[in-house]
Each structure stands twice: as structure tokens, then as C-alpha cells.
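# Understanding the architecture of this molecule
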Amino acid sequence: MHVAVILGGTSSERNVSLASGTAIAKALKQSGHDVILLDPAFGKNQKLQPFTQVGVTPPEQTELDRLPAEQGKALFDLVELILSKKIDIVFNALHGGIGENGIIQSIFEAAKINYTGSGVMASALAMNKVTSKYIFQSCNVPTPPFLFFKKSTEWAAVHKAIVSTFQFPIVIKPNEEGSTVGLSIVKGEKDLGAAWEKAIHYGHVLVEKYIAGRELTVAVLGVQALPVIEIIPEGGFYDYEHKYTKGKTNYVCPADITTAISDNAKSFAVKAFQGLGCEAYARVDFRLSENNELYCLEVNTLPGMTETSLVPKAAKADGMEFEQLVERIIQSSFKNSI
Ligand SMILES: Nc1ncnc2c1ncn2[C@@H]1O[C@H](COP(=O)(O)OP(=O)(O)O)[C@@H](O)[C@H]1O
Ligand SMILES: [Mg+2]
């Protein structure tokens, strides 16, 4: 098969995507496919940079702004490039931004290009944390209590609503980011202002009750949940650095939890996946409270796909090697897209 792996892009998760795409391309080549790598940040003048490492912080905005993809023209150039080659399917290894929020998916639909993963609607819904939470609630999937604010909301109104609704600690996060970018755990009122400023830098804002306890994640493949993973970050906070630095986080798969909790997490994960209308694969993040109650945080429609990422880890615990996982994603995306 002729596969174009799209990777990089211009979101804050650019470097993570370069890592995922590189691993996916390697697996596809090993399985005998004909593979090309394309970075939407460069349009027609592809300048593939050899991938080194994800780093401990996301790339600076000024760095991303220097990429030639301004004004969206590069995306259409990318589509022309794909159409000019004999490509059977695009493997979408982008994370965040227009790669994950339905925009690239809609352009591919319009151009009749096959692509992996969820379609336009599920991508858009899942990327928007507050919209996802409304859907979780309607599917009886528990999610932390929350408030949503437009970034233009007056600070006095934000402050008043937060202090009259929640007790500290709380979590303040951008509504449409990933990789814990722009997120703060706020322990007291004095840190509220700084956390708000940090989050609005990325757009509208979600405020949630902080769920003390453990962190679980469930990969869904097709409509089947894979073994639950427990995430144990050194120091307790699963931020960008702990997500992408080897040795900074312990992963236990299958998680050391009761069968009842595991079955519940899997069932909520599949409900959330189906409620949003996801396709092929996704990863559903949970908190497990000290009273053993599960709370769904979000669904990632384009989860990390390096060989050591969480979905590949869960697949491995289920007896599936990375190459097989990549192949399964392609096969299940074919019949679902276009
Ligand atoms: N309500 C919450 N309670 C406790 N921890 C949270 C909460 N929301 C987020 N976190 C922590 O922050 C991390 C990132 O949050 P998440 O909502 O999954 O956004 P992202 O898209 O950045 O991954 C989670 O994995 C978890 O460790
Ligand atoms: Mg998450």
C-alpha cells in the first residue's frame, strides 16, 4: 500500500507528533508498505527535519510562527501534493491543533482522501473539552464538576464564579489544548490569577474540581477497550515533561485495580468513544478518586503513537505488536472513512 504519514504541523504538540510519525513510518516500512512522510507545516516545499527528541517543554510560539504554514495555504498545497501521488491512505500522526480538531479531516473528506482515525465530527467534539463533557454527561459517563469561561470573560466575574462554586484545589486548563499545555493545579486563591492568565493564552478555559487519587487511561481500538493502564508520574503531576521524558513516569499495564473498576473504566471508555462518534482508535483519560470513583477527563482522538506511548503499551499487554497495531488502525480506518 502507498501510505503518506502526516506529522509535525504547527500545534504546541509538534515535537510529539514528529516522534509519533517517525515511529509509525518505521513500522509501516517494516510491514512492507511504501511510505512517504509529509509535514503540513511546509506545504509543497517539504523540509523534513530529522527527528531528535520531544524535549521537556513544548516548542515556543515564536518558533512555531516561523514555520511557513501561515494563512492555511500550506494545507492546500499538502492536499495537492497528496493528490499528485498515488496514495491509498494518509496516516494522521498529527497531535493537537488543526490536525486533531476536525479541520484536516474535513479537507481530506472534501478532497476524497482516505485518512486514519476519527472523522470530522468526533474530532471536533473530542478536541473541545467542555463539549465532550456534555456528551459524557448525556451518556452517563462521570466527569469532574466544571465551569466553562470564554477567554474574554472579565476577571472579576471569573473569580467570583470560581470561589463561589469550588473549594481548592481546582484545575484550570485551556479548553482545546493537549499534553497538559497551559494547565495548572491551583491550591489556593492567591494562585488563581496566574493560572487564568496562563490558560487564556491558549483560548477558552475549563475549570474543574481537582480529583485527588490515581490516574488511569484506556485505549479503545475499534470498539474494544484494551487493558487499563495506570500512570504514576514521579512527583504526582502528569505534565509535559513527565509525559515525554523516559523514566519520569511509571506505567502499570494491566493496572493494579479490581476487576470491577477495570470493567467500569473500559465500559465508560467505550461509551465515551461511541458517544463522541470516534472511529478506529482513541485513548480515554480518567482520574480514579480516593473513594474509587472514576471521572472521565477527555478522549484523545489522536493519541501518542511512539513505540513507548500508551496506546501501543496497552496493545502490547493484549498481545499486539506495534506493527500490528498500526496495521489494524489502517484497516479499520478504511471502511470508516469515505
Ligand atoms: N480534574 C482533574 N483532577 C485531577 N487531575 C487533573 C484534572 N484535570 C487534569 N488533570 C491532570 O492533568 C493532566 C492533563 O489533563 P487533561 O484534561 O487530560 O488534558 P490534556 O489534553 O492536556 O491531556 C491529566 O492527565 C491529569 O494528570
Ligand atoms: Mg489528557
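Residues numbered from 1 in each chain as written. Chains lettered and ligands numbered in written order. Predicted model: local features only at pLDDT ≥ 70, side-chain atom pairs only at ≥ 80, totals over all residues. Heavy atoms only, no water.

## Digging into empty space enclosed by the protein
- For the structure on display, the rule yields one cavity of 30 Å³ or more.
- Space inside the largest cavity adds up to approximately 410 Å³.
- K173, T180, L183, E215 and L297 are, among the 27 residues lining the largest cavity, the residues nearest its centre.
- No fewer than three residues from each of domain 2 (126–143 + 213–336) and domain 3 (146–209) sit in the lining of the largest cavity. (1 Å grid on protein atoms, 1.4 Å probe; cavity = no way out; pocket = protein on both sides within 12 Å on 5 of 7 lines; lining within 4 Å. Points joined across faces, edges and corners; volume = space filled by probe spheres on them. Domains from an automatic or database assignment.)

## Focus: the domain arrangement of the chain
- Along its sequence, the chain is carved into domain 1 (2–117), domain 2 (126–143 + 213–336) and domain 3 (146–209).
- The C-alpha-based centres of domain 2 and domain 3 are spaced at 24 Å.
- Taken residue by residue, the interface counts 14 residues in domain 2 and 14 residues in domain 3.
- With both sides pooled, the region where domain 2 packs onto domain 3 buries about 1200 Å², and carbon together with sulfur makes up 57% of that total.
- Together, K129, K133 and F237 form the three largest contributors to the area buried by domain 2 at its contact with domain 3, with a combined 40%.
- On inspection of domain 2 and its partner domain 3, the count reaches one salt bridge.
- Between E208 and K133 there is a salt bridge whose closest N-O contact spans 2.5 Å.
- The interface formed by domain 2 and domain 3 includes seven residue pairs in polar contact (both at pLDDT 80 or more). (Contact = heavy atoms within 4.5 Å. Buried area = accessible area lost by both parts, 1.4 Å probe. Salt bridge = Lys/Arg side-chain N within 4 Å of Asp/Glu carboxyl O. Polar contact = N/O pair within 3.5 Å; in protein donor to acceptor, adjacent residues only side chain to side chain.)

## Quick word on the coordination of the magnesium ion (ligand 2)
- The protein atoms donating to the magnesium ion (ligand 2) are D285 (OD) and E298 (OE), with metal-donor distances spanning 1.9 to 2.2 Å. In this pair, D285 is assigned in strand β12 (residues 281–289) and E298 in strand β13 (residues 294–300), connecting sequence segments 13 residues apart. Per residue, the accessibility class of D285 equals that of E298, and both read buried. (Donors = N, O, S within 2.8 Å, 3.2 Å for Na, K, Ca; no water. Helix = DSSP H or I, 4+ residues; strand = E, 2+ residues; numbered from the N terminus. Buried < 20%, exposed > 50% of the residue type's maximum accessible area, 1.4 Å probe, protein only.)

## What to know about the site of ligand 1
- Residues in contact with ligand 1 amount to 20 residues; listed here are only the nearest, K129, K173, T180, E208 and E215.
- Between K243 and ligand 1, the recorded distance is 3.0 Å, taken from a side-chain N or O atom to an oxygen atom.
- Taking D285, its side chain carries an N or O atom lying 3.4 Å from an oxygen atom of ligand 1.
- Taken by itself ligand 1 offers 540 Å² of open surface, and the protein chains cover 97% of this.
- A molecule is said to occupy a pocket when more than half its atoms come within 2 Å of that pocket's grid points, and by this definition ligand 1 occupies the largest cavity. (Near = heavy atom within 4 Å. Areas by Shrake-Rupley, 256 points an atom, 1.4 Å probe, with all protein chains shown as cover. Sits in = over half its atoms within 2 Å of the grid points.)

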